[in-house]
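# Tertiary structure, described
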Amino acid sequence: MMYWLEEVPLLLPAARSTRREPPGDDSKEKDKNMNRIARLPVLAAVLVALMASMTGCQRLKARDQLNKGVEAYKAGKYEEAIRHFQEATNDDPTLPTAKEYLATALSQNVVPGLSTPENMKTAQQAINTFQEVLRDHPDDVNSLKGIASLYFNTKKLDEAREWQKKVLAIDPKDPEAAYTIGVIDWTQAHENLLKLSGNNDDGVGNVKLLTKNNCSTIQQQNGALVEEGLKYLNMAIENRPNYDDAMQYLNLVYRRKADVDCGNEAARKDDVDKATDWSHKAMGTRKENEAKKDKGPGGITMDSNGNMK
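Let us look at the structure shown here.

On to the overall build of the chain. The helix and strand inventory of the chain stands at 10 helices and two strands. The 309 residues of the chain split such that 37% are buried. Sequence-distant contacts in the chain: of pairs separated by 6 or more residues, those separated by 24 or more amount to 56%. Carbon and sulfur atoms provide 54% of the accessible area of the chain, an area that totals close to 19,300 Å².

Further remarks concern helix H6 (residues 157-170). Here H6 spans 20 Å end to end across 14 residues, near enough to the 20 Å set by a 1.5 Å rise per residue. The complete set of buried residues in H6 reads Leu157, Ala160, Arg161, Trp163, Gln164, Val167 and Leu168.

Of note, Gln248 is situated in helix H9 (residues 244-260). You can call Gln248 partly exposed: its relative accessible area is 22%. For the pair Gln248 and Lys281, spaced 33 residues apart in sequence, the C-alpha to C-alpha distance is 8.1 Å. With residues near it in sequence (within four places) discarded, Gln248 still touches Ser279 and Ala282.

What counts, and at which threshold
Residues numbered from 1 in each chain as written. Predicted model: local features only at pLDDT ≥ 70, side-chain atom pairs only at ≥ 80, totals over all residues. Heavy atoms only, no water. Helix = DSSP H or I, 4+ residues; strand = E, 2+ residues; numbered from the N terminus. Buried < 20%, exposed > 50% of the residue type's maximum accessible area, 1.4 Å probe, protein only. Contact = heavy atoms within 4.5 Å. Areas by Shrake-Rupley, 256 points an atom, 1.4 Å probe, with all protein chains shown as cover. Expected span 1.5 Å × (residues − 1).

By themselves, these figures tell us nothing about what the structure is for.
Okay, here's the thing in structure tokens:
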């Protein structure tokens, strides 16, 4: 980029005699210094303009890399998208969108449940990038959810629960955050149960061979988890009444509550009945949701093969 400068008149000293100055006279040196001083404001303005132009060019490059990354991401080319988003952040470190997109693309390369060093490294890199966004934008819900999801997918359930609660602190009506907390509580309660000797799930959430000897252990380990799970799953349904997945997990959590109520047959039976009710509600709601999906514009309904009825 070229900059054209207008001629700037130099500040000249007052007219003086043409006679030769005696040896040792420093008037010429003074003229040079004054000319330099006159040029300084112009040079400073040029430098400022040059720096602004360079910054503008870097931002344009960052936007171009960001757009290329989005296109690659949409096409499922996550490695390519990551490279473009990294370039965008390098060109403009102040661009939060590029960092958030980079973290999201990195998250797509994390394999849920896989604990290899490479997979864990990628997950941590994504988490760190989301946290960079949060340093400047602490209320960015997408970044909070991104971190929570990464912890969940790498089986760090306590951390996942903590970050979902941060989401709810900003948006108390987020049904997915509440639902995920309920899922985490059930998962941990179920794992606690299966660790006890002689306990096995029958495949639908019921436990066989729960004995008096381990009843108190289950109560200590799962009591708080069950109560929290019920609280957050009900919260999810309050904010999304047709949330069939949350209903299904209420069924499962009530079965874990039946374990906690061991020794109290009436309470245990009531828990099982509620679990069954929620299971039926989940199935009915799921059918309704699927039927709504099949409806086309203007109330046209489609069959399971996509044909008009």
